[in-house]
Amino acid sequence: MTQFRIEQWRAWAPGLDSAADWYAWQQAPFAPQDGGEQPDVGFLPALQRRRLSRLARMAFHVAWPLADAAGPLPLVFASRHGETPRTLAILSDLAHDEPLSPTQFSLSVHNAIIGLWSIQRGDTSEMTALAAEGDGLEQALLEAATLLGEGAPGVLLIVAEEAPPELYTPFIDDVPFPYAVALLLRPGAQWQLQLGEGQGPRSTWPHALELVRALCGDADSLQHHWKRRQWNWSRIKA
């Protein structure tokens, strides 16, 4: 059993940015149309903004304000698919015998986003990038809870997924639209996460967004099933 406190959260998806947007979405969830919108990262210099993919922009957009308020903190970044569009572009260049861009390659690896984060914020705290499957949120939370247990005053947790390129859509069915969720976690007994065994229905929405629904709706509990794992979330009442 793992206990923690969610001090703040932020989320982004096309057309959904403010807390009011997400509270409205929680009442009537829908898959927003993806028109290629780019989340605002105007807090970065223009030269650095141009290096960021949309996945990186999403992660920076939701987490930066939380970090500004909290100061340097360890960070856990989780994404099942990562920089898939960059990877496909590199593979396409290989297939056409085109020269590869070292910059594109360096920015396509799974820990590139936390590397850019560390550089841009001048933050040398411990940072981890995870590539988990359907329960990536819970795997990232266990990593964050370990850091809290080792004495970290707080941990930033980011879950983000980009829409897959069209070539991959027959194989990637768990990203209904691009999204990013950031949590500022603190030690405490506000929520607890417990792992059990059992099979159940797949969540309607990616589980990070199901958590956003629970936070917006003040739900006391939620469950997430992945393969044989049953993750039980419950709010601890004072």
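See the structure above.
Residues numbered from 1 in each chain as written. Predicted model: local features only at pLDDT ≥ 70, side-chain atom pairs only at ≥ 80, totals over all residues. Heavy atoms only, no water.

Novice: Run through the pattern of salt bridges, naming residues and quoting values.
Specialist: A full pass over the atoms with the stated rule returns 15 salt bridges. Across the salt bridge formed by Glu7 and Arg5, the nearest N and O atoms sit 3.4 Å from each other. Owing to a relative accessible area of 35%, Glu7 belongs among the partly exposed residues under this scheme. Of the charged contacts, one joins Asp135 and Arg229 as a salt bridge, the two residues approaching to 2.7 Å between their closest N and O atoms. With Asp135 in the loop between strand 3 (127–130) and helix 7 (136–149) and Arg229 in strand 7 (residues 229–235), this pair connects stretches of sequence that are 94 residues apart. A residue is classified by how much of its surface remains accessible, and Arg229, at 29% relative accessible area, is partly exposed. (Salt bridge = Lys/Arg side-chain N within 4 Å of Asp/Glu carboxyl O. Buried < 20%, exposed > 50% of the residue type's maximum accessible area, 1.4 Å probe, protein only. Helix = DSSP H or I, 4+ residues; strand = E, 2+ residues; numbered from the N terminus.)

Novice: If you had to explain the layout of surface pockets to someone new, which residues and values would you point to?
Specialist: The volume enclosed by the largest pocket comes to roughly 340 Å³. As for the largest pocket, its lining consists of 23 residues, of which Gly134, Asp174, Tyr179, Pro206 and His207 are closest to the centre. Taken together, the residues that form the lining of the largest pocket break down as ten nonpolar, seven polar and six charged. (1 Å grid on protein atoms, 1.4 Å probe; cavity = no way out; pocket = protein on both sides within 12 Å on 5 of 7 lines; lining within 4 Å. Points joined across faces, edges and corners; volume = space filled by probe spheres on them. Nonpolar A, V, L, I, M, F, W, Y, C, P; charged D, E, K, R; others polar.)

Novice: So what's going on with the pairing of strand 6 (residues 221–226)? Which residues, and what values?
Specialist: Bridge count between strand 6 and strand 7: six bridges; the pairing is antiparallel. Its bridge partner lying in strand 7, Ser221 is registered against Ser234. Taking the residues between adjacent antiparallel strands as the criterion, strand 6 and strand 7 are bridged by two residues, where Lys227 takes a positive phi near 55°. (Pairing = 2+ DSSP bridges.)

Novice: Would you mind going over the pairing of strand 4 (residues 155–161) in detail, with residue names and values included?
Specialist: When you tally the buried positions in strand 4, you get seven out of seven residues, the bulk of the element. Here strand 4 shows a buried face lined by Val155, Leu157, Val159 and Glu161 and a second buried face lined by Leu156, Ile158 and Ala160. Strand direction decides the pairing type here: strand 2 (residues 75–78) and strand 4, joined by four bridges, are parallel. Bridge pairing links Leu75 to Leu156 in strand 4. When strand 4 meets strand 5 (residues 179–197), the two strands line up antiparallel, connected through seven bridges. Looking across to strand 5, one finds that Glu161 is bridged to Tyr179.

Novice: How would you explain empty space enclosed by the protein if you had to name every residue and give the values?
Specialist: With the rule as written, the count across this model stands at one cavity of 30 Å³ or more. Of the voids in this model, the largest cavity is the one considered here, and its volume is about 30 Å³. In this structure, the largest cavity is lined by Ala59, Phe60, Leu75, Phe77, Ile113, Ile114, Trp117 and Ile158. Contributions of two or more residues to the lining of the largest cavity are made by helix 3 (54–70), strand 2 and helix 6 (112–121). With three residues, the top contributor of residues to the lining of the largest cavity is helix 6. Its residues placed into classes, the lining of the largest cavity shows eight nonpolar, no polar and no charged.

Novice: Please give an account of the side chain of Asp135 that cites residues and values.
Specialist: Under the relative-accessibility criterion, Asp135 is labelled buried at 1%. A polar atom in the side chain of Asp135 sits 3.0 Å from the side chain of Trp231. For Asp135, the contacting residues outside a window of four places in its chain are His224, Trp226, Arg229 and Trp231. (Polar contact = N/O pair within 3.5 Å; in protein donor to acceptor, adjacent residues only side chain to side chain. Contact = heavy atoms within 4.5 Å.)

Novice: Got a sec to walk through the nonpolar core? Specific residues and values, please.
Specialist: Ranked by internal contacts, the top residues of the largest apolar core, which has 39 residues, are Phe4, Trp22, Leu157, Leu183, Leu185 and Trp233. It is helix 8 (residues 207–216) that provides the largest number of residues to this core, a total of seven residues. Setting aside residues no more than four positions away along its own chain, Trp233 makes contact with Phe4, Leu137, Glu138, Leu141, Trp191, Gln192, Leu193, His207, Leu211, Asp220, Ser221 and Leu222. Ranked by size, the runner-up nonpolar core spans 29 residues in total, among them Ala63, Phe77, Leu156 and Ala182. (Core = buried A, V, L, I, M, F, W, Y, C linked by side-chain atoms within 4.5 Å.)

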